[in-house]
Amino acid sequence: MKPEIYIKDLSKHVGKEVTLKGWLYNKRASKKVKFLILRDGTGYLQCVVFVGNVTDEVFALADNVSQETAFEVTGIIKEDTRQVGGFELDATDVKLIGESEDYPITPKDHGIEFLIDNRHLWLRSKRQVAIMKIRHRIAKSIRDFFDSRDFTLFDPPIITPNASEGTSTLFEMEYFDLGKAYLTQSGQLYAEAGAMALGKVYTFGPTFRAEKSKTRRHLTEFWMVEPEMAFYNLDDDMDLAEEMLEYIVKSVLKDNKAELEILERDISKLEKIERPFPRLSYSDAIEMLKEEGHDVEWGKDLGAADETIISSKYDKPVMVHRYPAESKAFYMKRDPENEKLALCVDVLAPEGYGEIIGGSQREDDYNKLLGRINEHKLPVDFFKWYLDLRKYGSVPHSGFGLGLERTVTWICGIDHLRETIPFPRMIYRNTP
RNA sequence: UCCGCGGUAGCUCAAUGGUAGAGCAUUCGGCUGUUAACCGAAGGGUUGUAAGUUCGAAUCUUACCCGCGGAGCCA
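What you are looking at is a predicted structure, and each value in this text was computed from that prediction instead of being measured.

Examining the overall build of chain A
When helices and strands are tallied, chain A shows 13 helices and 18 strands. Judged by the C-alpha coordinates and their principal axes, chain A covers about 85 × 55 × 40 Å. Looking at chain A alone, contacts between residues at least 24 apart form 66% of all its contacts between residues at least 6 apart. Working note: accessible area of chain A is about 21000 Å², and carbon and sulfur atoms make up 50% of it. Positive and negative side-chain charges in chain A, numbering 60 and 73 respectively, have mean positions lying 3 Å apart.

Structure, rendered in structure tokens:
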């Protein structure tokens, strides 16, 4: 029943008769010859059905198949430089597997609302298939990167009673008789416990933010990778982030050339992603913006426009570190050389793609951390276990979070991250 | 939450306040090599909803609904 060969493997079958299974991507027809474009998830193949080469019934069938009809085709594989994949199939038989009537997504233009309404079908289109393959490659390269560096995959809970950065942006639910619980917006606090147990860990899973953000850079459900390392300071943290990003980009360049081409990605931009990446303190970034005549003030977080200006100066990701602590999360350690600064870093992707990583060295002093929790008016009870990590063998430690969809968006060179996850969840959309 | 833009055929879009149209898709016909194939024909409409102005509203006004882009916030 299962296919014996796939389109990606055709080079081994030139001159031989093969049977392929898939769906009709598109069709071009004249009276005596029909061109059926088959897609099977691994590639695209033009199948030529000539009037004399098949029975009349088969020829009539080839004439009638409509877009996205599932069918099986048998024929001889020929090399053909005119075709995208380099091959063509001379059909000797076609069998119908599943009909497709009035498929809504045509090869012409569509609006985004219509496409997202039909996301379950939109995923079949060439561009979406390419993006999903690159997403997969990026996820795999992330796992390979950490796995080969003595990290242990550490899965934090999705349902949590506490908030790492306040409750205003959390999805809330009733948890039996225990009151409110929330969908996690970060596995970091749990990863810290993991780092104290295993040394180096990483989490990789979905996270949730009920932010009312309506931009091309936000989803309410997105995937995040969060490494957490004992005995790493901020510099070590930045070194790791840099090494990981380089590794990811090189993996995609090595294995996804065809997909990048479908997306018309300018590969030369990705080829420049090599260590070292520029590092810039927040204060220097502010100075730089001021010199350019932009209205910025020390102490405020950088806006999206500011980030774009900074990242446009470089053709590599930029690491902006040591932001004013006031606007940052409670768990970040202060810079011992300047208590107003947090030992944190944001990595801004090039070409205006903005923040893809946020990381920091964590506060490892019990009393300072307790003070921060109180300053931020967070419920101390919920953080008792987290404070314990500073009570029993506390060590300097650091970590960061990488947004998977933002990374895919940047590497694919597309303009909205809703295309980088199979079924995007956004503020005004939770279907299909 | 705020600012801006939009909603017309299955889809993408036209249409000075005066008969609602084209391309694609669909159906039928033509074509032996097409690359979003091409050529010809046909069917397809409560112009987001409600009210108002007007002899007459897709077009002007008001309210509402839905969507898109952006800001803030963040990955």
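Section: the pattern of salt bridges
Tallying each qualifying case throughout the model produces 35 salt bridges. Here D80 and R82 are joined by a salt bridge, their closest N and O atoms 3.0 Å apart. Classification of D80 by relative accessible area gives buried; the value is 8%. Across the pair R279 and D239 runs a salt bridge, and its minimum N-O distance is 2.7 Å. Remark: D239 occurs in helix 6 (residues 234-255) and R279 occurs in strand 12 (residues 279-281); sequence separation between them is 40 residues. Salt bridges sharing partners connect three or more residues here, namely K21, E72, D93 and K95.

Quick word on the packing of helix 5 (residues 188-198) against helix 12 (residues 384-391)
Running from N to C, helix 5 and helix 12 cross one another at 35°; their axes reach a closest spacing of 10 Å. Taken as a pair, helix 5 and helix 12 cross one another with a handedness that is left-handed. Contacts between helix 5 and helix 12 involve Q188, L189, Y190, E192, A193 and M196 from the former and W385, Y386, L389 and R390 from the latter. Class assignment of the residues belonging to the contact of helix 5 with helix 12 gives a composition of 7 nonpolar, 1 polar and 2 charged.

Looking at the sheet that holds strand 2 (residues 33-39)
If you trace the 5 strands once around the closed barrel, you get 1-2-3-5-4, paired in mixed fashion. Strand-to-strand twist across the sheet, computed as the mean angle between neighbouring axes with direction ignored, equals 55°.

Observations regarding the packing of aromatic side chains
In total, this model carries 15 aromatic pairs according to the counting rule given. Pairing F146 with Y202 gives two aromatic rings, centres 4.9 Å apart and planes at 25°, and the pair type is stacked. In this pair, F146 sits in helix 4 (residues 126-147) while Y202 sits in strand 10 (residues 200-208), placing the two residues 56 residues apart along the sequence. The pair F146 / Y202 is uniform in exposure class, with both members buried. Among the aromatic residues, ring-to-ring pairing joins Y190, F330, Y331, F383, W385 and Y386 into one connected group. Stacked on the ring of Y247, the Lys or Arg R149 has its end atom at 5.7 Å from the ring centre. In this arrangement the basic side chain of K328 is found over the ring face of Y323, its NZ or CZ atom lying 4.3 Å from the centre.

What counts, and where the lines are drawn
Residues numbered from 1 in each chain as written. Chains lettered and ligands numbered in written order. Predicted model: local features only at pLDDT ≥ 70, side-chain atom pairs only at ≥ 80, totals over all residues. Heavy atoms only, no water. Helix = DSSP H or I, 4+ residues; strand = E, 2+ residues; numbered from the N terminus. Contact = heavy atoms within 4.5 Å. Areas by Shrake-Rupley, 256 points an atom, 1.4 Å probe, with all protein chains shown as cover. Lys, Arg positive; Asp, Glu negative; His and termini not counted. Charge placed at Lys NZ, Arg CZ, Asp CG, Glu CD. Salt bridge = Lys/Arg side-chain N within 4 Å of Asp/Glu carboxyl O. Buried < 20%, exposed > 50% of the residue type's maximum accessible area, 1.4 Å probe, protein only. Axes fitted to C-alpha atoms, helices over the stretch in contact; angles between N-to-C directions. Left-handed = near helix turned anticlockwise from the far one by under 90°. Nonpolar A, V, L, I, M, F, W, Y, C, P; charged D, E, K, R; others polar. Pairing = 2+ DSSP bridges. Phe/Tyr/Trp six-rings, centres within 6.5 Å; stacked < 30°, edge-to-face > 60°. Lys NZ or Arg CZ within 6 Å of the ring centre and 35° of its normal.

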